Amino acid sequence: MFFTGQPQPQPFGTSQEPVRNADLPLSGFCDTSEHIVLDLHTMTSVGQGLNGGSRLMGMPVGWYTIAESSELRKRRHLVRAYFGQKLHLYRDRNGEVKATSPANLHRWPVREHNGLIFAWYHPERLEPEWGIPVLPTEGWTDFRVRSLTVRSHPQETSENSVDIGHFVQLHGFRNAWYEGDLEVEDHVLQGAYGIDYPLPGGRSFLAKFKVEVHGLGYSLVRIHVPLANVRFHTLILSTPVDEEHVHVRMGMAMKHWGPLGIPTLIREIALGRLAYEVSQDAPIWEAKRYLDKPLLAEGDGPIGAYRRYCKQFYPALPAQAELPPSAPHRTAA
């Protein structure tokens, strides 16, 4: 992550308490669907403090989550605000999901799997150019999902996949390291890293992560904890609400392990921890200032490779162009 003010990055590999600022309170509530609603007006001064701040503009091409399957039962109609417009979702007589935008008569390409409904976004309404993984269900729990809405951009939220330094600096993990090089093939970015997760009494356990980024709206993280041979599938799904806000869903499923009911309990605990970590990320996503040529600190990761990967999702750009121009940070009145 890039900061243009205090605090300065600490040496990579050292542990410290998660970043907090008592002068910038974060308030919110959790509704009945476990959608965390953040009162981010309390943070608008952060961006102003970063020399006015700037943000990415434009919505990247890709697959984005627009609903959970359980939200759209037969004979039910949903209206969702994404991509700066209203989407009307319903099921036809065969139970297949349809999504339309009456304002412009657009029929959205949709896919449904793993308990989630996805729509393909392209500014020119072109058909899907690639797909996203269908994950195994046999031998795994269902995905459980939590979400929040934050003032940010899909490129910023997906950047966490390569910025492992923030796991130590922000989330307080004992150590983090890369395992191999970042790999990019067409629309897929892959990487692997390990983390020492702290436990009470000065102990820790090892967790290994394999990341697959399929466009800027779908990140899959395969987690393995060797100590107990526990495995998780984690999804980080960022959908643009408009050009300044994203709806971030966090999904988690666990491979069956131990007595009946234990995987579901462990999944709930792990998902709660993940939601807490993302809530720590949210104020920084809000405050981040986009820099075309940032000064990187040790541990920031292969940001250059990540940004080159991102360019393909902005079809209006020439092949050698920079990313979309950033817009001035606007402070709420």
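Quantities reported herein were computed from a predicted structural model and do not represent experimental measurements.

Undergrad: Run through the overall build of the protein, naming residues and quoting values.
TA: A tally of regular secondary structure across the protein gives 5 helices and 19 strands. In the protein, buried positions account for 49% of the 333 residues. Considering only residue pairs separated by 6 or more positions, the protein has 60% of its internal contacts joining residues 24 or more positions apart. Roughly 16500 Å² of accessible area belongs to the protein as shown, and the carbon and sulfur atoms make up 53% of that amount.

Undergrad: Lay out the sheet that holds strand β6 (residues 85-91) with the relevant residues and their values.
TA: With antiparallel pairing, the 4 strands of this open sheet are ordered in space as β5-β6-β7-β8. Two strands in the sheet have a free side with no partner beyond their single neighbour: β5 (78-82) and β8 (106-107). Of the strand pairs in this sheet, β5 and β6 are connected by 5 bridges, and their pairing is antiparallel. Bridge pairing in β6 links Arg80 to Leu87.

Undergrad: Talk me through the pairing of strand β17 (residues 230-240); I want residue IDs and the actual numbers.
TA: With 10 of its 11 residues buried, β17 lies for the most part within the structure. As paired elements, strand β16 (residues 219-225) and β17 share 7 bridges and run antiparallel to each other. The residue of β17 that forms the bridge with Val225 is Val230. The antiparallel pairing of β17 with strand β18 (residues 246-254) creates a hairpin that spans 5 residues between the two strands.

Undergrad: Go over the nonpolar core, please, and point to the residues and values.
TA: In terms of nonpolar packing, the biggest core is built from 55 residues, with Tyr218, Leu235 and Tyr309 touching the most fellow members. For Tyr309, the contacting residues outside a window of four places in its chain are Val184, Asp186, His187, Val188, Leu189, Val213, His214, Gly215 and Leu216. Among the nonpolar cores identified, the runner-up in size contains 17 residues, and Leu72, Tyr82, Val97 and Ala99 belong to it.

Undergrad: I'd like a description of a negative patch on the surface, backed by residues and values.
TA: On the surface, Asp181, Glu183, Glu185 and Asp186 cluster together into a patch of negative charge. Along the chain, Glu183 turns up in strand β13 (residues 183-185).

Undergrad: An account of the environment of Glu286 is requested, with residue identities and associated values reported.
TA: When you line up the elements, Glu286 lands in helix α4 (residues 262-287). Residue class for Glu286 comes out buried when judged on its relative accessible area of 4%. Considering only alpha carbons, one finds Glu286 and Arg151, 135 residues apart in sequence, at a separation of 5.5 Å. One polar contact links the side chain of Glu286 to the main-chain amide nitrogen of Arg151, over a distance of 2.6 Å.

Undergrad: Go over the confidence of the model for the protein, please, and point to the residues and values.
TA: Averaged over all residues, the pLDDT of the protein is 79; the fraction at 70 or higher stands at 76%. Scored below 50 in pLDDT, residues 325-333 shows 26 contacts in the model against residues more than four places distant or in partner chains.

Undergrad: Any chance you could break down the environment of Leu216 for me, citing the residues and the numbers?
TA: Looking at the element boundaries, Leu216 is found in the loop between β15 (204-214) and β16. Under the relative-accessibility criterion, Leu216 is labelled buried at 1%. Placed 59 residues apart in sequence, Leu216 and Thr157 show a C-alpha to C-alpha distance of 8.3 Å. With residues near it in sequence (within four places) discarded, Leu216 still touches Pro60, Tyr64, Pro154, Gln155, Ser158, Ser238, Tyr306, Tyr309, Cys310, Phe313 and Tyr314.

Undergrad: If you had to explain the sheet that holds strand β4 (residues 62-68) to someone new, which residues and values would you point to?
TA: The strand order across the open sheet formed by 3 strands is β4-β10-β9, and the pairing between neighbours is antiparallel. Strands at the two margins of the open sheet, each flanked by one partner only, are β4 and β9 (110-113). In this sheet, adjacent strand axes meet at a mean angle of 30° when their direction is disregarded.

Undergrad: Report on the environment of Val162, specifying residues and quantitative values.
TA: Within the secondary structure, Val162 sits in the loop between α2 (154-158) and α3 (165-169). On the basis of relative accessible area, Val162 is assigned to the buried category, the value being 1%. Along the primary structure Val162 and Gly191 are separated by 29 residues, whereas in three dimensions their C-alpha atoms are 7.6 Å apart.

Undergrad: Account for the pattern of salt bridges, naming residues and giving values.
TA: Applying the stated criterion across every chain yields a total of 10 salt bridges. Note that Glu112 is salt-bridged to Arg91, the shortest N-O span being 2.8 Å. Within this pair, whereas Glu112 is found in strand β9, its partner Arg91 is found in strand β6, the two being separated by 21 residues in sequence. Arg91 sits in the buried class, given a relative accessible area of 16%.

Undergrad: Describe helix α5 (residues 303-310), listing the residues and the values that go with them.
TA: Listing the buried residues of α5 in full gives Ile303, Tyr306, Arg307, Tyr309 and Cys310. The buried residues of α5 all sit within an arc of 155° when viewed along its axis, so they share a single face. Buried residues in α5 make contact with α2, β13, β14 (188-198) and β15.

Undergrad: I'd love a proper account of the pairing of β9, names of residues and values included.
TA: Every regular strand shows the same layout, with side chains that alternate between the two sheet faces. Sheet topology note: the β9/strand β10 (residues 116-121) ladder contains 4 bridges and is antiparallel. The partner of His113 across the bridge, within β10, is Leu116.

Undergrad: Tell me about α4, residues and numbers included.
TA: Residues spaced three or four apart along an α-helix point in a common direction, a consequence of the helix completing one turn every 3.6 residues. The end-to-end C-alpha distance of α4, which contains 26 residues, comes to 39 Å, matching closely the 38 Å that a straight helix rising 1.5 Å per residue would cover. Maximal helix bending in α4 amounts to about 25°, located at Asp281; proline Pro283 follows within four positions.

Definitions and cut-offs
- Residue numbers here run from 1 along each chain, matching the order of that chain's written sequence.
- Where local features are concerned, this predicted model is filtered to residues with pLDDT of at least 70; where side-chain atom pairs are given and counted, the filter is 80 or more; whole-chain, interface and lining totals use all residues.
- The basis for every side-chain value is the complete set of heavy atoms in the structure, and neither hydrogens nor water enter the calculation.
- Helix numbering and strand numbering both begin at the N terminus, where a helix is a DSSP run of H or I of at least 4 residues and a strand a DSSP run of E of at least 2.
- For the exposure calls, accessible area comes from a 1.4 Å probe over protein chains only, and a residue counts as buried if that area is under 20% of its type's maximum, exposed if over 50%, partly exposed in between.
- Contact criterion: two residues are considered in contact whenever any of their non-hydrogen atoms come within 4.5 Å of each other.
- Working definition of accessibility: Shrake-Rupley area with a 1.4 Å probe, residue cover restricted to the visible protein chains.
- The rule for pairing is simple: two strands pair if DSSP sees at least two bridges between them.
- Only buried residues count toward a nonpolar core. Its members are Ala, Val, Leu, Ile, Met, Phe, Trp, Tyr and Cys residues joined through side-chain atoms within 4.5 Å.
- Any residue with relative accessible area above 30% and no salt bridge may belong to a patch, with like charges joined within 9 Å and the nonpolar Val, Leu, Ile, Met, Phe, Trp and Tyr side chains within 5 Å.
- The salt bridge definition used is simple: a Lys or Arg side-chain nitrogen within 4 Å of an Asp or Glu carboxyl oxygen.
- For the charge count, each Lys or Arg is scored as positive and each Asp or Glu as negative, with His and the chain ends excluded.
- A charge is said to be at NZ when it belongs to Lys, at CZ for Arg, at CG for Asp and at CD for Glu.
- Pairs of N or O atoms are called polar contacts if they sit within 3.5 Å, as long as, within protein, a hydrogen donor faces a hydrogen acceptor (for residues adjacent in sequence, only side-chain-to-side-chain pairs).
- A residue's pLDDT is the predictor's confidence in that residue, given on a scale from 0 to 100.
- Lines fitted to C-alpha atoms define the axes, with helix axes restricted to the stretch in contact, and inter-axis angles between N-to-C directions lie between 0 and 180 degrees.
- Of all possible arcs, the one meant is that of the directions from the helix axis to the C-beta atoms.
- Working rule for helices: expected span equals 1.5 Å times residues minus one.
- For a residue, the bend is simply the angle between two axes, fitted respectively to the seven-residue segment ending there and the seven-residue segment starting there.

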